Amino acid sequence: MPSSPLTFYPSPPHAENLTDSFGRQLTYLRISVTDRCNLHCSYCRPASENYQAEARSHILTFDEITRIVRVAAGLGVRKVRITGGEPLVRRNLTTLIAKIAAISGIDDLAMTSNASLLAQAAQPLADAGLHRINISLDTLNPARFRALTGGDLAPVLDGIAAAQQAGLSPIKLNTVLMRGVNVGGEESEVARLIDFAQLHDLTIRFIELMPMKQGLDWKRHYVAIDEVLARNDLQARVAVDAPLVTGNTAARYLPHKQGTGKVGFIMPMSEHFCSGCNRLRLTADGHLRSCLPANTELNLRDMMRQGADDAGIRALLLRAAMTKPEIGIYSFTQGKDQRSMIQIGG
Ligand code: SAM
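Keep in mind that this is a model prediction, so the values were computed, not measured. (Residues numbered from 1 in each chain as written. Predicted model: local features only at pLDDT ≥ 70, side-chain atom pairs only at ≥ 80, totals over all residues. Heavy atoms only, no water.)

A. The arrangement of the nonpolar core in detail. One finds Ile82, Leu137 and Phe206 to be the most contacted residues of the largest nonpolar core, which totals 91 residues. Among residues more than four places away in sequence, those in contact with isoleucine 82 are Ile31, Val33, Pro87, Leu93, Leu96, Ile97, Ile100, Leu109, Ala110, Met111 and Thr112. (Core = buried A, V, L, I, M, F, W, Y, C linked by side-chain atoms within 4.5 Å. Buried < 20%, exposed > 50% of the residue type's maximum accessible area, 1.4 Å probe, protein only. Contact = heavy atoms within 4.5 Å.)

Now the structure itself:
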């Protein structure tokens with residue numbers, strides 16, 4: 001019997017999701033809560049004298065951020081990462097963590113930090129609902145740490161210990177590879193960092209240097225992951241012939257030769273992982289950025305401050321998803337429109 005309109009049941013309407021024009025669903029929102037940092041890593045920000053942080057009035061308030069996350073959760077966002085600048089320089093950050101943790105639908109709440117202020121903050125953050133943390137650590141040499149960041153290594157190590165004690169898990173270390181800083185000749189710290197991570201039951205990920213607007217000469221310092229995988233000291237520790245394991249993140253993992261841990265590799269320059277990208281970024285000054293290297297941004301802050309309702313926020317989030325390019329292309333010129341990592345949040 002032919003079906004009549006009365007016997008035809010359309011599938012229930014799907015809740016609208018943040019999907020880009022290539023069918024990728026954006027479920028991961030990275031939120032920068034400040035463009036200020038207490039460290040001065042030259043690969044992340046222009047030299048201090050050339051860096052002007054945004055006026056505080058331009059930075060999103062906790063209520064604005066919470067409202068955006070609530071609307072984004074309604075569009076299928078499930079993971080939020082708080083970043084910066086250094087997120088821990090933002091006053092009362094635990095208040096924001098608690099507000100986001102209470103939003104229905106957000107089941108993964110993470111942070112990226114330099115950990116220098118984490119010793120005091122780790123337990124309150126965990127109590128407020130933070131699940132896990134990634135910590136930047138490029139060197140274990142105190143003098144080199146000071147030269148690279150302008151700060152001290154000891155509080156970072158204390159911060160890592162405090163995060164472990166507070167039960168934040170997993171804790172991942174992020175190491176940006178830089179020739180002449182932590183890779184190459186006598187400077188190489190690859191083996192030392194792997195051993196440190198293994199000893200402390202942490203997962204370390206090595207990241208290729210990206211050419212953002214920064215103070216460091218990218219061409220001089222860039223090291224491809226392949227070069228690191230060919231090193232004898234790495235091969236003594238990591239099973240480089242094992243199949244690279246892909247999680248739902250940008251990292252690829254190889255197992256330790258001894259023990260059960262793994263080492264991660266993030267290759268934004270030598271391997272596009274764009275096909276699996278599920279990220280949308282919100283800058284500290286309230287711009288939606290759909291791709292790390294692409295300068296396309298939509299100004300959500302001004303829209304909200306001009307009185308946009310939730311439907312307006314939702315519409316801009318959906319529009320931002322549609323601006324996501326199929327592949328992110330890095331620029332090697334320091335154009336005036338280019339933003340530094342400290343402004344975007346990594
Ligand atoms: N202040 C925090 C921190 O140090 O982790 C969070 C912000 S930082 C911008 C986020 C991440 O971006 C860090 O892991 C940092 O190492 C990474 N990063 C910054 N500049 C980079 C670059 N030029 N290439 C690759 N990674 C970079």
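On we go.
B. Examining helix 3 (residues 118-128) more closely. Turning to helix 3, its buried residues number three or more, namely Leu118, Ala121, Ala122, Leu125, Ala126 and Ala128. Buried residues in helix 3, looked at end-on, bunch into an arc of 150 degrees, giving them a common side. Exposed residues on helix 3 whose side chains face more than 90 degrees from its buried face are Gln120 and Asp127. Summarising the contacts, the buried residues of helix 3 are in contact with helix 2 (93-101), strand 3 (108-113), strand 4 (132-136) and helix 5 (154-165). Trailing helix 3 by a residue or two, glycine 129 shows a phi angle of about 120 degrees, which is positive. (Helix = DSSP H or I, 4+ residues; strand = E, 2+ residues; numbered from the N terminus. Arc of directions from axis to C-beta.)

C. Looking closely at the environment of threonine 175. Structurally, threonine 175 is set in strand 5 (residues 171-177). In this structure, the C-alpha to C-alpha distance between threonine 175 and histidine 287, residues 112 residues apart in sequence, is 27 Å.

D. View of the packing of helix 2 against helix 3. It is the contact of helix 2 with helix 3, at a shortest axis distance of 8 Å, that shows an interaxial angle of 25 degrees. The pairing of helix 2 with helix 3 is recorded here as roughly parallel in orientation. Read as a crossing pair, helix 2 and helix 3 show a hand that is right-handed. Contacts between helix 2 and helix 3 pair Leu93, Thr94, Ile97, Ala98 and Ala101 from the former with Pro124, Leu125 and Ala128 from the latter. (Axes fitted to C-alpha atoms, helices over the stretch in contact; angles between N-to-C directions. Parallel < 35°, antiparallel > 145°, perpendicular 65-115°, else oblique. Left-handed = near helix turned anticlockwise from the far one by under 90°.)

E. Geometry of the sheet that holds strand 10 (residues 279-282). Taken together, the 12 strands give an open sheet; going across it, the order is 7-8-9-6-5-4-3-2-1-10-11-12, and neighbouring strands pair in mixed fashion. Edge positions in the sheet fall to strand 7 (245-246) and strand 12 (297-299), since each of these pairs with one other strand and no more. Pairing of strand 2 (residues 79-83) with strand 3 involves four bridges; the strand directions are parallel. Note on strand 3: the bridge partner recorded for valine 80 is leucine 109. Strands strand 4 and strand 5 of the sheet are contacted by helix 5, whose axis makes an angle of about 150 degrees with strand 5. (Pairing = 2+ DSSP bridges.)

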